[in-house]
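Per-entry structural report
Residues per chain are reported as follows:
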Amino acid sequence: MLQLDQLRTEIHSSQGIVVAVDGVSLAIQPGETFALVGESGSGKSVTALSISRLLPDNACIAAGDVRLDDASLADLPESEMRAYRGGRIAMIFQEPATSLNAVMSVGRQLVEAITTHTELRGAAARAKAVDWLKRVGIAEPERRIDSYPFQLSGGQKQRVMIAMALATEPALLIADEPTTALDVTVQKQILDLLLDLQRERGMAMLLITHDLGVVSQVADRVGIMYAGELVELGSKAAFFSKPLHPYATRLLGALPDVDKRGHLLEAIAGSVPPLYQAFDGCRFAPRCYSATARCRGEIPPMYEMGGGHGVRCFAYAPEAAVPLVLPPLRDIGAGRVARQLGDKALLAVENLRVRFPIRSGLLQRVSGHVDAVHEVSFSLRPGETLALVGESGSGKTTTGKAILQLLRGTAVVDGQAMLGDIDLMRAGKAELMRARRQMQIIFQDPFGSLNPRMRVGEILAEGIQSLRPELDLAERRRRVDDLLEQVSLPQSALTRFPHEFSGGQRQRIAIARALAVEPSLIVCDEPTSALDVSVQAQILNLLKELQQQLGVAYLFITHNIGVVEYLADRIAVMQAGRIVETGESASLLTAPQHAYTRTLLAAVPRVVVGEADAEVLLPA
Amino acid sequence: MKIVVLWTDWVVLLVLLGTLAYGWKVMRQPHLAVTWRKAFNTATGTSAATVLAVFLVIGLLDSLHYRPAIAGKADAYATETRSVLDDILHQQQTGRERSYSAPLAYQGYEKEATVIDGQATRAYLRLQHGGAHLDQPEQQWAADVLLRTLAGVGLGLLVAAAATALAVLLLARKRRQGLGVAWRSLRRGQVGFPLRAVLLTLTVLAVLAGVMAMLATAYHVLGTDRVGNDLLYVVLKSIRTALVIGTMSTLVTMPIAVGLGICAGYLRGWVDEAIQYVYTVINSIPYVLLIAAVVLILMVFIDNHPDLFPTSAERTDARLFFLCIILGMTSWTELCRLIRGEVIKLREAEYIQAAQAFGVGTWRILLVHLLPNVMHLILISMVINFSGLVLAEAVLSYVGIGVDPSMQSFGTLINTARLELSREPTIWWTLATAFTFMFSLVLSANLFSDAIRDAFDPRATHK
């Protein structure tokens, strides 16, 4: 039904012409879910925007064709394209908060979509809108239809977006990371909803995602994109039972899970090449173990492997195939001292309670409190990793910041937290400085956590300067050099600014900064959730190695269960400000006691490699 | 000759040095250099900067003051303080007429009482300087003006051609290309920097200046005012006043706005309340009244302390100086509010929290982490404020509380034009002159500030 034929989309930027999508050919049948997977910068979103022709002003479809049934969308005038957009093709985006108009009630927006694309008017259109809200699973649709977006939760907003997209009865739904901004339990509901509606309507769906777990749950067919090209294309069953392209296998190897605990993850060294250059070889060759001279000098075509499974790699060439080299399996800490877990607790938190004051009235008096964290207790031994798991708003970040004493002055913190012999909550200025030398933090966003106006050298030296004033300039310099070596960054990084580094490199800088004062505890606040899978693997490996070498303990705050399985020794599950369950990682994951833990674990989309899935829906 | 450095001259010199130092810093910091290059990468921005640069040079020449020695006496200097610009425009300064004369006129604008053939009568009298070289002005005037205009155009084109040749030569040397190749890439605008636009702007400016210069040797190009002063001289002298007011008031504004804004945003609590209270109060006082009151107090002070201000130039300069301070003190609230808002946003940034986790002191966070990150806001509002302040001076002088009436400024020019417009026949050239010059100054400042904002605003999209 939808057919892309050698699609090539160019973006004109200050660096030159960026070929964001190059020679992508694929076809989607009615009733089929096609998942386009890739890391950031692989061109998957640009492909979607090219189909609906919503490209920014500086981008254009340079060659190739987009065909929907018999119409060639690339050549249509804008006025006719508008009828297709919304009518035949609908889109849902990543961020439900910004895709809805904040000053219109959801009913009005829904009715507007219905009257634009169907014959229904007035009361009939409104009735249809109520009907749709009911079908996307919004409780009390008659009342909810007059709500404004701010009155709805993120999941509800995404449901409304789906209702709006589907109300026009499109033949093709493009879902661009529809669940990335949502919690994992909500993600499951939204994916189930999309699948139900798709089956009911026989609609085709193009799902764009970076999450291989989601793909293995919902897709019928899979396309892997790398650096603007489709490198592998096949049915879900065929792909997950035997991924062919070296990039695809290594991407799966980079996913953290419980089976890989003993080893380092498969981190793909290097980065995606910039797309403003011309390629004369395979684009993955610089990062590939199997790459030969042929890979570097000749552009691989898409080889058909039977059953619609195609792969762009010389390893599958009919003649003179390049032999595949398997990446070496790396163990952690081979030849190093085994990690020592002490008996005495490094950090003991008891009955921690954090309340944020609500101010109101003319004089801004405190009129009440919002409880963010209730009576949280846990302890952490030296060299141990405790994962604090929970969905957004469960109070995990607040707990971390309260322990680090970053909430002094903004929130009321009760309870007790002992770091060694220091009572953190009642520590005076000098004691607090002593405590700060022992605990540090790594943040989620590697772009926001480094001051853009400071050189990397200054950033790394700042902590030493503040907490170890006894060290002189030469000593400080020596420490900064050591830090760079620990996180494997070149010495030349010192004089550069943060914006000159990629996301993964910045996160390394942030880790080095935290290590600068030789802390015994690092609070890791979602350190990998803004990163791509392959980069996430690099960072997790680094964290694991550092723990082996330095014996540092991590309080690891995350919502990513895969990371928890891979890294954590013990797990504490948080819900609505309370810890509902704590336990050793292995026992908690295999035999969860609390109902919420079970829901959470069941909602996690998992990748099953090497097993043919019986449930695959083949196109009718 | 005794070199005189007036208070505002100090300011001008310090600003110049500061700008040079900043430029040196920009060259050494790659991220700043890239952003600034972006600001100079649009044809509009660079052309505006070129025009602005010409105004700046005129203002600078007018800021180099001295008192000439009295001939024959040692250690005695004239009471008159002159600037380098005065020397360049010596002919215009001294070539005073009796009263009004139209641009390029050779006779007075109004009939004057005179004695012709022993009979008292009223007639249009020949000007003393304008067109004085013509024997039979009725026949010769048009040809003479045309000839001088053409000569001026030629001169301007010659200068422009020389500048272009120099640019081509430098380009060819820098790129190690032949002259022809360099010229062709310049003509097609393929040199990365909008050099073509700059050269075109320079050509237009050179032609205009050439024509003015050729005509000014024999005529009053822009006419004369009520007491016969050449308007070209007056308006060129006004440029310095406008520039001083624009830059110095901004300089006064900056530390107040930035300091208070950052403190209010980061420290919150009672500091924030107090600062907000102060700027709300200042904002609600009509600033014209405030300035009028302060200027009156100042005038009394200057009159009572003649020993502090020995020459009239120093008196008028002191008034200008304090006017700038008052303007600056009343116009910091907008920027302060802007910076406070930005800092409230930034204080939640993770790098600030990381610094707090290191126990970094409050002062260091304010200066090292927050100040550099609001610098782009400061720069943007500095250039936008500049033109606003130039206009404010015009308004204040129009109301009569601006600069000293003896000091040439756009405001005083417009104020006199107000009366002249209601005369019959109308004197139109004062207003036209003031308007044209002020308009080109403010417009080029605005266009340049637009380019800077586009380059520095992180939210602006760069296509």
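Residues numbered from 1 in each chain as written. Chains lettered and ligands numbered in written order. Predicted model: local features only at pLDDT ≥ 70, side-chain atom pairs only at ≥ 80, totals over all residues. Heavy atoms only, no water.

**Focus: the overall build of chain A**
- When its secondary structure is counted, chain A shows 21 helices and 22 strands.
- Here the C-alpha radius of gyration of chain A, 26 Å, is about what a compact globule of 620 residues would show, namely 25 Å.
- Taking the principal axes of its C-alpha atoms as reference, chain A extends roughly 75 × 70 × 50 Å.
- Looking at the 620 residues of chain A, the share that counts as buried comes to 56%.
- Of the accessible surface of chain A, which amounts to about 25,900 Å², a share of 51% is contributed by carbon and sulfur atoms.
- Here chain A contributes 64 positive and 70 negative side-chain charges, whose respective centroids are spaced 5 Å apart. (Helix = DSSP H or I, 4+ residues; strand = E, 2+ residues; numbered from the N terminus. Rg over C-alpha atoms; globule rule 2.2 N^0.38 Å. Buried < 20%, exposed > 50% of the residue type's maximum accessible area, 1.4 Å probe, protein only. Areas by Shrake-Rupley, 256 points an atom, 1.4 Å probe, with all protein chains shown as cover. Lys, Arg positive; Asp, Glu negative; His and termini not counted. Charge placed at Lys NZ, Arg CZ, Asp CG, Glu CD.)

**Focus on the domain arrangement of chain A**
Residue and element names in this part refer to chain A.
- With domains assigned, chain A is organised as domain 1 (2-88 + 170-316) and domain 2 (383-404 + 422-603).
- Each partner contributes residues to the interface: domain 1 has 25 residues there, and domain 2 has 26 residues.
- Run the count over domain 1 and domain 2 and you get one salt bridge.
- If you list the elements that add at least two residues to the side of domain 1 that touches domain 2, you get helix H8 (184-201) and helix H11 (246-254).
- Among the residues forming the side of domain 1 that touches domain 2, the class breakdown is 12 nonpolar, five polar and eight charged. (Domains from an automatic or database assignment. Contact = heavy atoms within 4.5 Å. Salt bridge = Lys/Arg side-chain N within 4 Å of Asp/Glu carboxyl O. Nonpolar A, V, L, I, M, F, W, Y, C, P; charged D, E, K, R; others polar.)

**Brief notes about unusual backbone geometry**
- A cis geometry characterises the amide bond from Glu424 of chain B onward to Pro425 of chain B, with omega recorded as -5 degrees.
- Considering the arrangement of structural elements, one finds Pro425 of chain B in the loop between helix H16 (410-421) and helix H17 (429-456).
- The backbone of Glu518 of chain A shows a phi angle near 50 degrees, a positive value even though the residue is not glycine.
- We note that Ala576 of chain A has phi near 45 degrees; this positive angle belongs to a residue other than glycine.
- With respect to the helices, strands and loops of the structure, Ala576 of chain A is situated in the loop between strand S21 (570-575) and strand S22 (578-584).
- The class for Ala576 of chain A is exposed, based on a relative accessible area of 52%.

**A closer look at the interface of chain B and chain A**
- Counting residues at the interface gives 21 residues for chain B and 27 residues for chain A.
- Here chain B meets chain A over a buried area of about 2,200 Å², counting both sides, of which 54% is carbon and sulfur.
- The largest share of the area that chain B buries against chain A comes from His31, Glu350 and Phe358 of chain B, three residues that together contribute 32% of it.
- Joining chain B to chain A, the criterion identifies one salt bridge.
- Notably, a salt bridge pairs Arg364 of chain B with Glu462 of chain A, separated by 3.0 Å at the nearest N-O pair.
- Seen at the junction of chain B and chain A, the total is 12 residue pairs in polar contact (both at pLDDT 80 or more).
- Elements with a contribution of two residues or more to the side of chain B that touches chain A: helix H2 (30-39), helix H14 (350-357) and helix H15 (362-399) of chain B.
- Sorting elements by how many residues they give to the side of chain B that touches chain A places H14 of chain B first, with seven residues. (Buried area = accessible area lost by both parts, 1.4 Å probe. Polar contact = N/O pair within 3.5 Å; in protein donor to acceptor, adjacent residues only side chain to side chain.)

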